[in-house]
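Survey of secondary and tertiary structure
Here is what each chain is made of, one letter per residue.
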Amino acid sequence: MAFVQFTQPDDQPIVINTDRIVTATPLPDGQGTRITFNNGGHQEQLIADVLRQLNISA
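Now for a description of the structure that goes with this document. Here the structure is a predicted model, which is why all the values come from computation and not from measurement.

1. Let's talk about the nonpolar core
The biggest cluster of nonpolar side chains holds six residues, and these are Val 4, Phe 6, Ile 14, Ile 16, Ile 35 and Phe 37. When near neighbours in sequence (up to four residues on either side) are disregarded, Ile 16 contacts Ala 2, Phe 3, Val 4, Phe 6, Ile 21, Ile 35 and Phe 37.

Printed below as a string of structure tokens:
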């Protein structure tokens, strides 16, 4: 099981189980990514951070 960790704007860590990701789509402003999970939840991150972390975990 692979995990990636991001940091929220308030410096709180977010750990994501990559096995639970259903989609990763760009936000309308083009600056971020909305990650949708298999439980219906979602998380928004800067697109560069998402791509870098997911590539590292692969």
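2. Points about the environment of Asp 19
For Asp 19, the position within the fold is in the loop between strand 2 (13-17) and strand 3 (21-26). Distance from Asp 19 to Phe 37, taken between C-alpha atoms, is 8.9 Å for residues 18 residues apart in sequence.

3. Side note on the environment of Ile 35
Following the sequence through the fold, Ile 35 ends up in strand 4 (residues 32-37). The buried category is assigned to Ile 35, whose relative accessible area is 1%. Sequence separation between Ile 35 and Thr 18 is 17 residues; the distance between their C-alpha atoms is 10.0 Å.

Conventions we followed
Residues numbered from 1 in each chain as written. Predicted model: local features only at pLDDT ≥ 70, side-chain atom pairs only at ≥ 80, totals over all residues. Heavy atoms only, no water. Core = buried A, V, L, I, M, F, W, Y, C linked by side-chain atoms within 4.5 Å. Buried < 20%, exposed > 50% of the residue type's maximum accessible area, 1.4 Å probe, protein only. Contact = heavy atoms within 4.5 Å. Helix = DSSP H or I, 4+ residues; strand = E, 2+ residues; numbered from the N terminus.

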